[in-house]
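Chains, contacts and geometry: an overview
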Amino acid sequence: MTAVPRPAPCPDVVIRPSSDADVAAMIAIYEHHIRRGVGDTGDFEEERLLPDDLKRRRKTMRRKRLPHLVAERHGAVAGYAYAVPFRKRPAYRFTLKHSIYVHPEHLHAGIGRRLLPALIEACAAGGYRQMIGYIDARNEASLRLHEACGFVRVGYLAAVGYKYGRWSDSVMVQCKLGTGSDDQPPPRWSPASPRDGGEWSDR
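Heads up: these notes are all about the structure in this document. All of these numbers come straight from a predicted model, not from anything done at the bench. (Residues numbered from 1 in each chain as written. Predicted model: local features only at pLDDT ≥ 70, side-chain atom pairs only at ≥ 80, totals over all residues. Heavy atoms only, no water.)

Notes on the overall build of the protein
For the protein, the count of helices and strands is four helices and seven strands. Each helix and strand of the protein, ordered N terminal to C terminal, gives the series β-α-α-β-β-β-α-β-α-β-β. Residues classed as buried in the protein amount to 47% of the 203 residues present. The contacts of the protein with a sequence gap of at least 6 include a subset with a gap of at least 24, amounting to 67%. (Helix = DSSP H or I, 4+ residues; strand = E, 2+ residues; numbered from the N terminus. Buried < 20%, exposed > 50% of the residue type's maximum accessible area, 1.4 Å probe, protein only. Contact = heavy atoms within 4.5 Å.)

Okay, structure coming up:
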(Lines give C-alpha, C1' and ligand atoms only; values in the text may rest on other atoms or scores of the structure.)
Protein backbone atom coordinates (compact mmCIF):
# COMPACT_ATOMS: atom_id res chain seq x y z
CA MET A 1 0.00 0.00 0.00
CA THR A 2 1.27 3.47 -0.90
CA ALA A 3 2.18 5.56 2.13
CA VAL A 4 0.28 8.83 2.36
CA PRO A 5 2.72 11.78 2.36
CA ARG A 6 3.23 13.20 5.84
CA PRO A 7 1.59 16.63 6.13
CA ALA A 8 3.95 19.57 6.46
CA PRO A 9 4.13 21.16 9.93
CA CYS A 10 1.53 23.93 10.01
CA PRO A 11 -0.16 23.89 13.43
CA ASP A 12 -2.39 26.88 12.71
CA VAL A 13 -4.12 25.12 9.78
CA VAL A 14 -7.21 22.94 10.21
CA ILE A 15 -8.31 20.62 7.41
CA ARG A 16 -12.03 19.87 7.42
CA PRO A 17 -14.94 19.09 5.07
CA SER A 18 -16.27 22.19 3.36
CA SER A 19 -19.71 23.59 4.14
CA ASP A 20 -22.14 25.93 2.40
CA ALA A 21 -20.81 28.67 4.68
CA ASP A 22 -17.45 28.37 2.89
CA VAL A 23 -18.87 28.87 -0.60
CA ALA A 24 -18.22 32.62 -0.91
CA ALA A 25 -14.60 32.23 0.21
CA MET A 26 -14.00 29.31 -2.16
CA ILE A 27 -15.43 31.24 -5.11
CA ALA A 28 -13.17 34.21 -4.32
CA ILE A 29 -10.13 31.91 -4.31
CA TYR A 30 -11.20 30.23 -7.54
CA GLU A 31 -11.81 33.51 -9.37
CA HIS A 32 -8.38 34.80 -8.39
CA HIS A 33 -6.71 31.80 -10.01
CA ILE A 34 -8.85 32.04 -13.14
CA ARG A 35 -8.15 35.77 -13.53
CA ARG A 36 -4.39 35.42 -13.17
CA GLY A 37 -4.31 32.88 -15.97
CA VAL A 38 -2.32 30.05 -14.38
CA GLY A 39 -4.64 27.64 -12.61
CA ASP A 40 -3.30 25.20 -10.04
CA THR A 41 -4.81 22.34 -12.01
CA GLY A 42 -4.86 23.63 -15.57
CA ASP A 43 -8.50 24.79 -15.52
CA PHE A 44 -9.69 27.14 -18.24
CA GLU A 45 -13.27 27.78 -17.25
CA GLU A 46 -14.62 30.92 -18.95
CA GLU A 47 -17.91 31.41 -17.09
CA ARG A 48 -18.08 32.61 -13.50
CA LEU A 49 -18.65 30.02 -10.81
CA LEU A 50 -21.89 30.99 -9.08
CA PRO A 51 -22.69 30.16 -5.43
CA ASP A 52 -25.65 27.93 -6.34
CA ASP A 53 -23.47 26.03 -8.83
CA LEU A 54 -20.85 25.32 -6.19
CA LYS A 55 -23.51 24.30 -3.67
CA ARG A 56 -24.94 21.83 -6.20
CA ARG A 57 -21.48 20.43 -6.89
CA ARG A 58 -20.86 19.94 -3.19
CA LYS A 59 -24.23 18.21 -2.79
CA THR A 60 -23.43 15.84 -5.65
CA MET A 61 -20.03 15.05 -4.17
CA ARG A 62 -21.51 14.32 -0.74
CA ARG A 63 -24.04 11.97 -2.31
CA LYS A 64 -21.22 10.12 -4.06
CA ARG A 65 -19.08 10.21 -0.89
CA LEU A 66 -16.35 12.21 -2.60
CA PRO A 67 -14.21 14.52 -0.42
CA HIS A 68 -14.51 18.29 -0.68
CA LEU A 69 -12.06 19.79 1.83
CA VAL A 70 -11.05 23.24 3.01
CA ALA A 71 -7.97 24.44 4.84
CA GLU A 72 -8.86 26.93 7.55
CA ARG A 73 -6.16 29.25 8.89
CA HIS A 74 -6.79 31.81 11.61
CA GLY A 75 -10.52 31.32 11.08
CA ALA A 76 -10.43 32.02 7.33
CA VAL A 77 -10.58 29.64 4.36
CA ALA A 78 -7.01 29.52 3.05
CA GLY A 79 -7.56 26.88 0.36
CA TYR A 80 -9.72 24.03 -0.79
CA ALA A 81 -9.45 20.76 -2.67
CA TYR A 82 -11.82 18.16 -4.07
CA ALA A 83 -12.01 15.12 -6.32
CA VAL A 84 -14.51 14.08 -8.99
CA PRO A 85 -14.81 10.97 -11.18
CA PHE A 86 -12.12 10.88 -13.86
CA ARG A 87 -14.64 9.66 -16.42
CA LYS A 88 -18.30 8.73 -16.24
CA ARG A 89 -18.13 5.20 -17.64
CA PRO A 90 -18.23 2.44 -14.99
CA ALA A 91 -14.86 1.02 -16.08
CA TYR A 92 -13.20 4.17 -14.66
CA ARG A 93 -15.08 4.14 -11.35
CA PHE A 94 -11.92 3.64 -9.26
CA THR A 95 -10.14 6.69 -10.72
CA LEU A 96 -10.59 10.31 -9.69
CA LYS A 97 -9.55 13.71 -11.02
CA HIS A 98 -8.73 16.37 -8.45
CA SER A 99 -8.39 20.13 -8.10
CA ILE A 100 -6.64 22.20 -5.43
CA TYR A 101 -6.60 25.97 -4.92
CA VAL A 102 -4.79 28.10 -2.34
CA HIS A 103 -5.68 31.66 -1.35
CA PRO A 104 -3.07 34.12 -2.71
CA GLU A 105 -2.51 35.59 0.77
CA HIS A 106 -1.62 32.14 2.15
CA LEU A 107 0.84 30.97 -0.48
CA HIS A 108 4.09 29.44 0.84
CA ALA A 109 2.42 28.78 4.21
CA GLY A 110 2.24 25.00 3.75
CA ILE A 111 -1.48 24.96 2.87
CA GLY A 112 -1.05 22.73 -0.17
CA ARG A 113 1.22 20.38 1.80
CA ARG A 114 -1.63 19.87 4.26
CA LEU A 115 -4.57 19.82 1.84
CA LEU A 116 -3.28 17.48 -0.84
CA PRO A 117 -2.21 14.61 1.47
CA ALA A 118 -5.56 14.90 3.28
CA LEU A 119 -7.38 14.61 -0.04
CA ILE A 120 -5.27 11.62 -1.07
CA GLU A 121 -5.95 9.88 2.24
CA ALA A 122 -9.71 10.52 2.05
CA CYS A 123 -9.92 9.19 -1.51
CA ALA A 124 -7.87 6.09 -0.66
CA ALA A 125 -10.10 5.43 2.35
CA GLY A 126 -13.10 5.60 0.02
CA GLY A 127 -11.78 2.69 -2.03
CA TYR A 128 -10.46 4.63 -5.00
CA ARG A 129 -7.22 3.46 -6.62
CA GLN A 130 -5.83 6.25 -8.83
CA MET A 131 -5.85 10.06 -8.81
CA ILE A 132 -5.25 12.18 -11.90
CA GLY A 133 -4.42 15.87 -12.14
CA TYR A 134 -3.85 18.38 -14.93
CA ILE A 135 -1.49 21.25 -14.14
CA ASP A 136 -0.57 24.28 -16.22
CA ALA A 137 2.97 23.60 -17.39
CA ARG A 138 4.08 27.07 -16.23
CA ASN A 139 2.88 26.46 -12.68
CA GLU A 140 6.13 25.13 -11.27
CA ALA A 141 5.03 25.54 -7.65
CA SER A 142 2.05 23.25 -8.17
CA LEU A 143 4.17 20.72 -10.05
CA ARG A 144 6.64 20.63 -7.14
CA LEU A 145 3.80 20.24 -4.63
CA HIS A 146 2.32 17.30 -6.48
CA GLU A 147 5.64 15.55 -6.90
CA ALA A 148 6.33 15.99 -3.16
CA CYS A 149 2.98 14.32 -2.46
CA GLY A 150 3.68 11.24 -4.57
CA PHE A 151 2.43 12.24 -8.02
CA VAL A 152 4.44 11.38 -11.13
CA ARG A 153 4.30 13.07 -14.50
CA VAL A 154 2.61 10.75 -16.99
CA GLY A 155 1.84 13.04 -19.91
CA TYR A 156 2.42 16.39 -21.56
CA LEU A 157 -0.41 18.00 -23.52
CA ALA A 158 0.93 20.77 -25.74
CA ALA A 159 -1.19 23.82 -26.59
CA VAL A 160 -4.46 22.31 -25.32
CA GLY A 161 -5.68 25.54 -23.71
CA TYR A 162 -6.02 29.07 -25.04
CA LYS A 163 -6.62 32.04 -22.78
CA TYR A 164 -5.32 35.59 -22.35
CA GLY A 165 -3.89 35.57 -25.86
CA ARG A 166 -1.64 32.56 -25.43
CA TRP A 167 -1.62 28.81 -25.88
CA SER A 168 -1.12 26.81 -22.71
CA ASP A 169 0.39 23.38 -22.14
CA SER A 170 -0.84 20.99 -19.44
CA VAL A 171 1.10 18.38 -17.52
CA MET A 172 -0.83 15.24 -16.58
CA VAL A 173 0.14 13.77 -13.20
CA GLN A 174 -0.96 10.58 -11.47
CA CYS A 175 -0.86 9.19 -7.95
CA LYS A 176 -1.61 5.65 -6.80
CA LEU A 177 -4.20 5.46 -4.02
CA GLY A 178 -4.10 2.69 -1.45
CA THR A 179 -2.95 -0.53 -3.11
CA GLY A 180 -3.45 0.93 -6.59
CA SER A 181 -3.40 -1.83 -9.18
CA ASP A 182 -1.49 -4.28 -6.96
CA ASP A 183 -4.65 -6.27 -6.26
CA GLN A 184 -8.24 -6.61 -7.43
CA PRO A 185 -11.08 -4.51 -6.00
CA PRO A 186 -13.84 -6.36 -4.13
CA PRO A 187 -16.19 -7.98 -6.64
CA ARG A 188 -19.21 -5.88 -7.60
CA TRP A 189 -18.34 -3.19 -5.08
CA SER A 190 -18.64 0.46 -6.05
CA PRO A 191 -16.21 2.86 -4.33
CA ALA A 192 -18.95 5.49 -4.21
CA SER A 193 -20.81 3.33 -1.71
CA PRO A 194 -20.05 3.26 2.03
CA ARG A 195 -17.78 0.47 3.16
CA ASP A 196 -20.02 -0.65 6.03
CA GLY A 197 -23.30 -1.96 4.74
CA GLY A 198 -22.86 -0.07 1.49
CA GLU A 199 -24.64 -0.76 -1.74
CA TRP A 200 -23.26 -3.18 -4.27
CA SER A 201 -23.12 -2.55 -7.96
CA ASP A 202 -23.15 -4.93 -10.90
CA ARG A 203 -21.74 -2.30 -13.22
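Once you've had a look at it, read on.
Thoughts on a positive patch on the surface
Residues Lys59, Arg62, Arg63, Lys64 and Lys88 make up a contiguous surface patch of positive charge. Tracing the sequence through the fold places lysine 64 in the loop between helix H2 (51–63) and strand E2 (68–73). (Patch = residues over 30% accessible without salt bridge, like charges linked within 9 Å, V, L, I, M, F, W, Y side chains within 5 Å. Areas by Shrake-Rupley, 256 points an atom, 1.4 Å probe, with all protein chains shown as cover. Salt bridge = Lys/Arg side-chain N within 4 Å of Asp/Glu carboxyl O. Lys, Arg positive; Asp, Glu negative; His and termini not counted. Charge placed at Lys NZ, Arg CZ, Asp CG, Glu CD.)

Points about the pairing of strand E6 (residues 152–163)
Judged from the eight bridges that link them, E6 and strand E7 (residues 166–176) form a sheet pairing that is antiparallel. Within the sheet, the bridge partner assigned to lysine 163 lies in E7 and is arginine 166. Between the end of E6 and the start of E7, which pair antiparallel, lie two residues, with tyrosine 164 showing a positive phi angle near 55 degrees. (Pairing = 2+ DSSP bridges.)

Section: the nonpolar core
In this structure, Tyr80, Ile111, Leu116 and Ile120 are the most contacted members of the largest nonpolar core, which totals 43 residues. Once you skip the residues sitting within four places of it in the chain, leucine 116 turns out to touch His98, Ile100, Leu145, His146, Cys149 and Phe151. (Core = buried A, V, L, I, M, F, W, Y, C linked by side-chain atoms within 4.5 Å.)

Quick word on the sheet that holds strand E4 (residues 95–102)
Two orientations exist for strands paired in a sheet by backbone hydrogen bonds: parallel and antiparallel. The strand order E1-E2-E3-E4-E5-E7-E6 describes an open sheet built from seven strands, whose pairing is mixed. Strand pairing shows two members of the sheet lacking a second neighbour, strand E1 (13–17) and E6, which therefore form its edges. In this sheet, adjacent strand axes meet at a mean angle of 25 degrees when their direction is disregarded. Its contacts with the sheet place helix H4 (residues 140–148) against E4, strand E5 (130–136), E6 and E7, and it is angled at close to 160 degrees to E5. (Axes fitted to C-alpha atoms, helices over the stretch in contact; angles between N-to-C directions.)

A closer look at the side chain of histidine 106
Looking at where histidine 106 falls in the secondary structure, it is placed in the loop between E4 and helix H3 (111–125). Overall, the relative accessible area of 12% leaves histidine 106 in the buried class. Reaching out from histidine 106, the side chain makes a polar contact with the side chain of arginine 73 at a distance of 3.2 Å. Ignoring anything within four residues of it in the chain, the contact list for histidine 106 reads Arg73, Ala78 and Ile111. (Polar contact = N/O pair within 3.5 Å; in protein donor to acceptor, adjacent residues only side chain to side chain.)

Overview of the pattern of salt bridges
Using the criterion set out here, one finds nine salt bridges in the structure. For the salt bridge of arginine 129 with aspartate 183, the shortest nitrogen-to-oxygen distance reads 2.8 Å. Here arginine 129, found in the loop between H3 and E5, pairs with aspartate 183, found in the segment after E7; they are 54 residues apart in sequence, far enough to count as distant. Owing to a relative accessible area of 14%, arginine 129 belongs among the buried residues under this scheme.

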